[in-house]
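Coordinate analysis (summary)
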Amino acid sequence: GNSVTQMEGPVTLSEEAFLTINCTYTATGYPSLFWYVQYPGEGLQLLLKATKADDKGSNKGFEATYRKETTSFHLEKGSVQVSDSAVYFCALSDKGGTSYGKLTFGQGTILTVHP
Amino acid sequence: DAGVIQSPRHEVTEMGQEVTLRCKPISGHDYLFWYRQTMMRGLELLIYFNNNVPIDDSGMPEDRFSAKMPNASFSTLKIQPSEPRDSAVYFCASSGRQGLPYEQYFGPGTRLTVT
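Comments concerning the overall build of chain B
- Broken down by element type, chain B carries 0 helices and 11 strands.
- Listed N to C, the secondary structure of chain B is β-β-β-β-β-β-β-β-β-β-β in terms of helices and strands.
- Scaling as 2.2 N^0.38, a compact globule of 115 residues should have a C-alpha radius of gyration of about 13 Å, and chain B matches this with 13 Å.
- Structurally, chain B occupies a C-alpha span of about 40 × 25 × 25 Å along its principal axes.
- Within chain B, the fraction of its 115 residues that count as buried is 50%.
- Within chain B, contacts between residues at least 6 apart in sequence are counted, and of these 54% link residues at least 24 apart.

Quick look at the overall build of chain A
- On a plain count of helices and strands, chain A comes out with 0 helices and 12 strands.
- Taking 13 Å as the expected radius of gyration for a compact globule of 115 residues, we find that chain A reaches 14 Å, a close match to that expectation.
- Its C-alpha atoms give chain A principal-axis dimensions of roughly 45 × 30 × 20 Å.
- For chain A, buried positions account for 46% of its 115 residues.
- Restricting the contact set of chain A to residue pairs at least 6 apart, pairs at least 24 apart contribute 56%.
- Surface summary for chain A: the accessible area is close to 5,300 Å², and the carbon and sulfur share equals 49%.
- Put simply, chain A has 9 plus and 11 minus side-chain charges, and the middle of one group is 9 Å from the middle of the other.

A closer look at the sheet that holds strand S8 (residues 74-79) of chain B
All names here are of chain B.
- Across the sheet, which stays open at both edges, the 4 strands sit in the order S1-S3-S8-S7 with antiparallel pairing between neighbours. In the strand order of this sheet, the two ends are held by strand S1 (5-7) and strand S7 (65-71), each with one partner. Here the average twist between neighbouring strands, direction ignored, is 15°.
- Pairing of S7 with S8, which is carried by 5 bridges, proceeds in the antiparallel orientation. From the neighbouring strand, Lys68 faces S8, where its bridge partner is Thr76.

Some thoughts on the environment of Gln81(A)
All names here are of chain A.
- Following the sequence through the fold, Gln81 ends up in the loop between strand S9 (75-77) and strand S10 (86-93).
- Along the chain, Gln81 and Gly61 lie 20 residues apart, while their C-alpha atoms are 10 Å from each other.
- Other than its neighbours up to four places away in sequence, Gln81 contacts Glu15 and Val113.

The rules behind these values
Residues numbered from 1 in each chain as written. Chains lettered and ligands numbered in written order. Predicted model: local features only at pLDDT ≥ 70, side-chain atom pairs only at ≥ 80, totals over all residues. Heavy atoms only, no water. Helix = DSSP H or I, 4+ residues; strand = E, 2+ residues; numbered from the N terminus. Rg over C-alpha atoms; globule rule 2.2 N^0.38 Å. Buried < 20%, exposed > 50% of the residue type's maximum accessible area, 1.4 Å probe, protein only. Contact = heavy atoms within 4.5 Å. Areas by Shrake-Rupley, 256 points an atom, 1.4 Å probe, with all protein chains shown as cover. Lys, Arg positive; Asp, Glu negative; His and termini not counted. Charge placed at Lys NZ, Arg CZ, Asp CG, Glu CD. Pairing = 2+ DSSP bridges. Axes fitted to C-alpha atoms, helices over the stretch in contact; angles between N-to-C directions.

Structure, rendered in structure tokens:
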């Protein structure tokens, strides 16, 4: 079956530091890949996505590239801000079969950014 | 658009009582998902519907949990009888093929505390 593995957290950084959160996946088909973010007290919201190999998703200074050869979708940001403190979830979605429309989430990585 | 609406936002109840959580998906979306989030188990998919029909309920923990979607604009998740281990944040999410592929829009969640 499908699975998503994220790097262990929590991650603590100083403002303006470089961020990487690793994500690898296992899937039988050709999934779409996503990063969702959850701010304190809120539901998850889509941060960025990539639907095929070598696609790069980007939003709010965050980037992730769909690497089929390494089955990875690592999240990066060049300079984090205190407002980026949140929980980040990597996820995948199969494009067909009985699991159409369903997302498989990683366990989440807590990011805390200090001033 | 109002987004996914969940009610109540907070629920405190005693063990053994019936609890009903409500969700109104985004208009036009044909998928609806119920998730549970706890510190110990992370984010778990409980059940999801397509066009008001349950597709996968394998995540429903036990017979005490039931979910219905009587029409395209309303769904309920019921726990009867409730137990302290059901304490969690319950999220509803919806998605539709007309939007970004497989992007799920989450509601703000219902924080359930069972004493």
